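Chains, contacts and geometry: an overview
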Amino acid sequence: MGALATNTVERTLDQDRFDYLLHLGDNALVLGQRMSEWVGHAPALELEMAVSNLALDLIGEAQLWLDLAGRIEGEGRDADRLANFRDALDFRNLLIVEQPNGDWAFTVARHYLFSLQHLAVVERLSESRDEEIADIARKVRPEIAYHVKFARSWIERLGDGTEESHARLQRAIDRLWRFTGEMFAPDAIEERLADEGIAPDLRTLEADWRAEVEQVFEASGGLDIPEVKRMTLGGREGHHSEHLGHLLCELQFLQRAYPGLEW
Amino acid sequence: MSDTIDEARIREVLESVMDPEIPVVSIVDLGMLREVRRAPDGGFEVILSPTYTGCPATDVIKRLVEEALERAGISDPVVRYQLSPPWTTEWISEEGRRKLARYGIAPPVPKAAPDRPVACPRCGSEDTEVVAAFGSTPCKSAMRCRACLEPFEHFKCH
């Protein structure tokens, strides 16, 4: 389907940039929403503050990408409009970020695996030929670096903790691993943008990502990387898990019920 | 608009605009003021750097700046945020660092010396530890002094 569509319809660079910015924005928005679900339920007061700050960073990041997407589209949609009035099929986020929080081990495993890729992407985007994209990437980079540091410290702590914490973390990794392939599998849009020097070639990021994961897992009580024969893909095309619809119900409820409502 | 209003006067007004979450430091102390310039229509443009991407104070600060300028008789100032170059804690002034410390918030360690211990803003001891990587606002982490046993906040190096 993708091949047919790209062969028969000539897409402009702005359409590609728009879709790519939705992808970046939706990753941050959906993960930010997931993190905010912890508020009021986190295992300790310090983690209450951590999750709300992680969520804030991500929602702030989403706002920057989605506002730029809206400006490029030129139809008057801003970040709020794009966040609140698109349906699941139009979301372009990776599947890993929409997976439900599970326990704390699952949440930090998801955050570590994704944030490490996220950091590599914004580092490369900081050098993008697209100045507007580079400006946003340079702005969010130090914040995402902090996310990686935070999540990594929890991998070490749980992996090298008790038998129970290690087992829970390993179970989380086993369940999440099939979503990691998508982080390094560009679609046609990202390939064209990589050729233009706008987006990074994701395939060149995987080796470093995997090397760090292996090293950290090894140092964290010897966590195993599971063997997955077939990675689960589809987020960029809008083929989401059932979980995204439920997440959007909550995220979008107020604007759907009272369109245009402001604080 | 009065002819006596110039850039220096605008900077002076902005020095009175305090961070709503850390009310002892002004946005100038924090290094948020990038530029004051004349717009083609003769008005003034004030360019600010946002601190943290998700900081809820960002919108409030813009409004406070507009209100302060209007109170000072500077009508229709244009206040804009500019992402690039990205704000860093290195831009916090020496005066700002002193004010933070007096308020009980340890100022950020310099980027050039990231391993330097964070001194307790109360007793000055360098025997301190991190309690939590995130504090009450995006810009701070929670710490504790092992010498005087007091908890305190640290403005994170960014």
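Above this text you will find the structure in question.
Residues numbered from 1 in each chain as written. Chains lettered and ligands numbered in written order. Predicted model: local features only at pLDDT ≥ 70, side-chain atom pairs only at ≥ 80, totals over all residues. Heavy atoms only, no water.

**Observations concerning the sheet that holds strand 3 (residues 78-81) of chain B**
Residues and elements named next belong to chain B. Stated formally: Strands pair, by our definition, only if DSSP identifies at least two bridges between them. Secondary structure elements follow DSSP: runs of H or I no shorter than four residues count as helices, runs of E no shorter than two count as strands, and numbering proceeds from the N terminus. In this analysis, axes come from line fits to C-alpha atoms, helices being fitted only over the stretch in contact, and the angle between any two N-to-C directions falls in the range 0 to 180 degrees. A contact between two residues is defined here by any heavy atoms of the two lying within 4.5 Å.
Spatially, three strands are ordered 1-2-3 in an open sheet, and the strand pairing comes out mixed. Strand pairing shows two members of the sheet lacking a second neighbour, strand 1 (33-38) and strand 3, which therefore form its edges. Neighbour-to-neighbour, the strand axes of the sheet open up by a mean angle of 20°, direction not taken into account. Sheet topology places strand 2 (residues 44-48) next to strand 3; four bridges connect them, and they run parallel. Across the sheet, residue Leu48 finds its bridge partner in strand 3, namely Tyr81. Along the sheet, helix 1 (residues 7-14) makes contact with strand 1 and strand 2, crossing strand 1 at roughly 145°. Packing of helix 2 (residues 57-71) onto the sheet brings it into contact with strand 2 and strand 3, and relative to strand 3 it is tilted by some 155°.

**Remarks on the interface of chain B and chain A**
To be explicit about the condition: Accessible area that two parts lose when put together, evaluated with a 1.4 Å probe and summed over both, is termed the buried area. Any carboxyl oxygen of Asp or Glu within 4 Å of a side-chain nitrogen of Lys or Arg constitutes a salt bridge here. In protein, a polar contact requires one atom able to donate a hydrogen and another able to accept it; more generally it is a pair of N or O atoms within 3.5 Å, and residues adjacent in sequence count only if both atoms are side-chain atoms. Residue polarity follows a fixed list, in which Ala, Val, Leu, Ile, Met, Phe, Trp, Tyr, Cys and Pro are nonpolar, Asp, Glu, Lys and Arg are charged, and the others, Gly among them, are polar.
With 21 residues of chain B at the contact, the number on the chain A side is 19 residues. Taking both partners together, chain B and chain A bury about 1,700 Å²; carbon and sulfur atoms supply 68% of that area. On the chain B side of the interface with chain A, the three residues burying the most area are Thr53, Leu83 and Phe134 of chain B, jointly 43% of the side's total. If you look at where chain B meets chain A, you find zero salt bridges. Where chain B packs against chain A, one counts six residue pairs in polar contact (both at pLDDT 80 or more). Of the residues in the side of chain B that touches chain A, the class split is eleven nonpolar, nine polar and one charged.

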